[in-house]
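# Chains, contacts and geometry: an overview
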Amino acid sequence: MDLFRILGTGAKFNKKRFNEDIGLFEPTSTQETKDPDSQTNLIQEIDFFHNSKRATDEVLGTKHTKTEEQIVNFSEDQIAQSNSDENEKEHKSSFIRSNEIAIHEDVKVFRKRHQIRVYGTDIPDPLRSFSELETKYDFQSYIIRNLESMAYDQPTPIQMQVVPTMLHGRDIMAMAPTGSGKTLAYILPILHDLKGPEKVGYRALIISPTRELEQQIYRDFKRMSVGKSYKICTLTRVTAATQSQDPRLRKKFDILISTPLRLVRAIQQENIDLKNVRHLILDEADKLLELGFLEQTDEIFAACANPKLQKSLFSATLPSGVETLANSFMKDPIRVVIGLKNAATDTIKQKLVYVGQEEGKLIAIRQLIQQGGLKPPVLIFVQSIERAKELFHELIYDGINVDVIHSERTKAQRDAVVLSFRQGKIWVLISTELMARGMDFKGVNLVINYDFPQSVQSYIHRIGRTGRAGKSGEAVTFYTKDDAPYLKIIVNVMKDSGCEVPDWMLKLKNPTKESKHQLRKKPIKRKTIDTRSYYDIKKIKRKREIIEASKRRKARKLSTSAKEKSTMTNEKS
Ligand SMILES: Nc1ncnc2c1ncn2[C@@H]1O[C@H](COP(=O)(O)OP(=O)(O)OP(=O)(O)O)[C@@H](O)[C@H]1O
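Going along each chain's sequence as written, the residues are numbered from 1 onward. Side-chain atom pairs in this predicted model are given and counted only at pLDDT of 80 or more, local residue features only at pLDDT of at least 70, and totals for whole chains, interfaces and linings cover all residues. To get the side-chain values, all heavy atoms of the structure are used, and hydrogens and water are removed first.

To keep it simple, the criterion reads: UniProt positions are given in the numbering used here, feature names are shortened, and annotations may be inferred rather than shown by experiment.
Looking up the chain in an unreviewed UniProt entry gives the name RNA helicase, with the organism given as Acaulospora morrowiae. Reading the Sequence similarities (unreviewed entry) entry of the UniProt record for the chain gives the comment "Belongs to the DEAD box helicase family. DDX52/ROK1 subfamily." Recorded in UniProt under Catalytic activity (unreviewed entry), the annotation for the chain is "ATP + H2O = ADP + phosphate + H(+)".

Written out as structure tokens, the structure is:
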């Protein structure tokens, strides 16, 4: 599959026209239909899945998501009351009809109560409780035991709709807020479908944009598969060498979790066989379908050659361009949206703090410390590795129990930092975008956007490290004069998730598409994070320059004398 070609097609998508329609559609689609004609037209027009007839039926309630067991529970006695065959037939079908309608209404009410919106054809009914996994889907007892041991009483809304959809073998695009249990939503149907270990090679493949998230997903799979000896691995744990040495070894694994780059390398070196993969999951799908990753994702798709491949996309954010792209390589997908699209979780108290100039940020953090507002664990996001290091050096001198994580640290260091933060040994963790997506740290109280995020998606994912699994949390975003033109991006998210926003902020202008694009490509240039005086910094800089110049002089001298020596030797000979 050539995702670049598809992306090119996506670029022609008439967003201007569609955006307006999508805007109209999104907020009203959870409501019951008032004007069937206009809604039919609208649905046909936006037709994400090119099947407007059936999608329309679904929303209008004229077609039912039926399964056999739903429609047969009428009483035979009631039907037998009819004397003639004709009457009986008529009676039976009208009873089935009314029963179907009642069930369908019930499903609609249930979805509405849990803010589940679905789009597509023949959508399976949602799961109402974990006990249905046993009674309706015949799940093996080890999975039920593991759910109990994790103390998961009820499925979350995304799990309610995704689990049955995947169990029915359907491709899926799932959007649900950060911390709402998307990982378990795909782990459950995969484990059930695989039935048990088999020595035929990988049958499920999960792609994650970062190594840290890959390790976390691995851990979640391990937890849910206790009692079954599945071979689950990440490419870090199973080296490419092990894979290539013995073809029999390749066959022993069932589930693979990997980052794109590592996997593509293994595919290119023919160390890995993905022909048996039945389940392909893109976790943080919008990231994996961005330009930086797209080429690799494309190559992975090409390597998963099983005709029965089921594709599933998960994220808290899926911009419409990405949806269009995804839609072109999925087969009759079902789209599930929980709550508002591209919104933040309502359990997070969001705040914007004006700090004037760059220097104001450190002052604000120190004030927070003094006022006892820095309740650990705290995550602080900055826009670059350089700035992560700088802030770390500042905060460590304040005597804070702080550490830093970014891609320049070694794998061992990164693993150690993540573990220490999980265990509460580190109170404040400074990070680049590396920790922004997917990481599930229990009980993060506060997220600080030290540097303004470069996109709305980045904002939603960063702050989503707090307020997870129904817990409350706080997110503070610092902004300077330079960030002000982009403020409305965040104001919109705050408003949509029910946070208080002052009137003047609501009246701000939205940044243009072009300026948002620029910001996404390149962060705002910022002054070094440093509290030393201008004079001190200049002195240090001068000293550094003198040392560098002296080094250069020495190097020059050495090379000249070496040259002279060699000329002399040549002359002698
Ligand atoms: N049914 C459930 N009941 C209670 N807790 C749950 C349930 N399902 C998942 N969780 C917990 O919710 C937390 C968040 O889950 P998860 O990491 O899957 O969120 P997510 O939706 O993938 O978030 P993100 O978008 O940030 O990746 C985890 O700690 C997980 O253990």
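Don't stop here, the text continues.
### A closer look at the packing of aromatic side chains
Let me state the cut-off plainly: Classification of ring pairs rests on two measures: the distance between centres of Phe, Tyr or Trp rings, Trp counted by its six-membered ring, which must be within 6.5 Å, and the angle between planes, read as stacked under 30 degrees, edge-to-face over 60 and tilted in between. Under the scheme used here, helices are H or I runs from DSSP no shorter than 4 residues and strands are E runs no shorter than 2 residues, and both carry numbers assigned from the N terminus. Burial here depends on accessible area, computed with a 1.4 Å probe over protein chains only, as a share of the maximum for the residue type. Under 20% is buried, over 50% is exposed, and the range in between is partly exposed. By the criterion adopted, a ring carries a charge over it if an Arg CZ or a Lys NZ lies within 6 Å of its centre and within 35 degrees of its normal.
Here the structure, examined in full by the defined rule, presents 7 aromatic pairs. With centroids separated by 4.8 Å and ring planes inclined at 65°, the aromatic side chains of phenylalanine 301 and phenylalanine 329 adopt a geometry described as edge-to-face. Of this pair, phenylalanine 301 sits in helix H17 (residues 291-303) while phenylalanine 329 sits in helix H18 (residues 320-329), placing them 28 residues apart in sequence. Neither residue differs from the other here; phenylalanine 301 and phenylalanine 329 are each classed as buried. Centre to centre, the rings of tyrosine 354 and tyrosine 479 are 5.2 Å apart; their planes meet at 50°, and the pair counts as tilted. Here tyrosine 354, found in strand E9 (residues 348-356), pairs with tyrosine 479, found in strand E14 (residues 473-480); they are 125 residues apart in sequence, far enough to count as distant. Residue tyrosine 354 is classed as partly exposed on the basis of its relative accessible area of 44%. The exposure class assigned to tyrosine 479 is buried, which follows from its relative accessible area of 6%. An aromatic cluster of at least three residues, connected via ring pairs, comprises Tyr186, Phe221 and Phe314. A cation over an aromatic ring shows up here: arginine 128 above the ring of phenylalanine 110, its NZ or CZ 4.4 Å from the ring centre. Arginine 335 extends its terminal NZ or CZ atom over the ring of tyrosine 119, reaching a point 4.7 Å from the ring centre.

### Focus: the sheet that holds strand E12 (residues 428-431)
Basically, it comes down to this: Paired strands, as defined in this entry, are two strands with at least two bridges between them according to DSSP. Lines fitted to the C-alpha atoms define the axes, with helices restricted to the stretch that makes contact. Angles between their N-to-C directions range from 0 to 180 degrees. Here a residue-residue contact requires only that any non-hydrogen atoms of the pair lie within 4.5 Å.
Sheet architecture is open: 6 strands sit in the order E9-E14-E13-E10-E12-E11, paired in parallel fashion. Of all strands in the sheet, those with a lone pairing partner are E9 and strand E11 (402-405), marking the two edges. Adjacent strand axes in the sheet meet at a mean angle of 20°, parallel and antiparallel pairs treated alike. In the sheet, strand E10 (residues 378-381) pairs with strand E13 (residues 446-449) via 4 bridges, with the strands oriented parallel. Within E13, the position partnered with leucine 379 by the bridge is valine 447. Across the sheet, helix H21 (residues 411-422) touches E10, E11 and E12, and the angle it forms with E11 is around 135°.

### Remarks on the confidence of the model for the chain
Short version of the rule: A score from 0 to 100, pLDDT tells how confident the predictor is in each residue.
Looking at the chain as a whole, the pLDDT averages 84, with 80% of positions reaching at least 70. A low-confidence stretch, residues 4-75 stays under pLDDT 50, and its non-local contacts, those more than four residues away or across chains, total 105 contacts.

### Some remarks on the site of the ligand
To keep it simple, the criterion reads: We call a residue near a molecule or strand as soon as one heavy atom of that residue lies within 4 Å of the molecule or strand. In protein, a polar contact requires one atom able to donate a hydrogen and another able to accept it; more generally it is a pair of N or O atoms within 3.5 Å, and residues adjacent in sequence count only if both atoms are side-chain atoms. Areas reported here follow the Shrake-Rupley algorithm with a probe of radius 1.4 Å; residue values treat only the protein chains shown as occluding. Put simply, Ala, Val, Leu, Ile, Met, Phe, Trp, Tyr, Cys and Pro go in the nonpolar bin, Asp, Glu, Lys and Arg in the charged bin, and everything else, Gly too, in the polar bin.
Close to the ligand lie 20 residues, the nearest being Tyr152, Gly179, Lys182, Thr183 and Asp440. A distance of 3.2 Å is found between an oxygen atom of the ligand and a backbone nitrogen or oxygen belonging to glycine 181. At a separation of 2.6 Å, an oxygen atom of the ligand approaches a polar side-chain atom of threonine 183. Computed on the free molecule, the ligand has an accessible area of 640 Å², of which 88% lies beneath the protein chains in the complex. Per-element tally for the shell around the ligand: the top contributor is helix H11 (residues 182-194), with 3 residues. Residue composition of the shell around the ligand, grouped by class: 5 nonpolar, 9 polar and 6 charged.

### Observations concerning the nonpolar core
Using the following cut-off: For the purposes of this section, nonpolar cores are sets of buried Ala, Val, Leu, Ile, Met, Phe, Trp, Tyr and Cys residues that join through side-chain atoms within 4.5 Å. Residue ranges assigned to the domains are those given by an automatic or database domain assignment.
The biggest cluster of nonpolar side chains holds 60 residues, and the ones touching the most others in it are Leu133, Tyr186, Leu188, Ile190, Leu191, Ile206 and Phe221. Looking at which element gives the most residues to this core, the answer is H11, with 8 residues. Looking at this core, you find at least three residues from each of domain 3 (114-338) and domain 4 (348-521). Counting residues in hydrophobic clusters, the runner-up holds 37 residues, among them Met173, Ile207, Val264 and Leu274.

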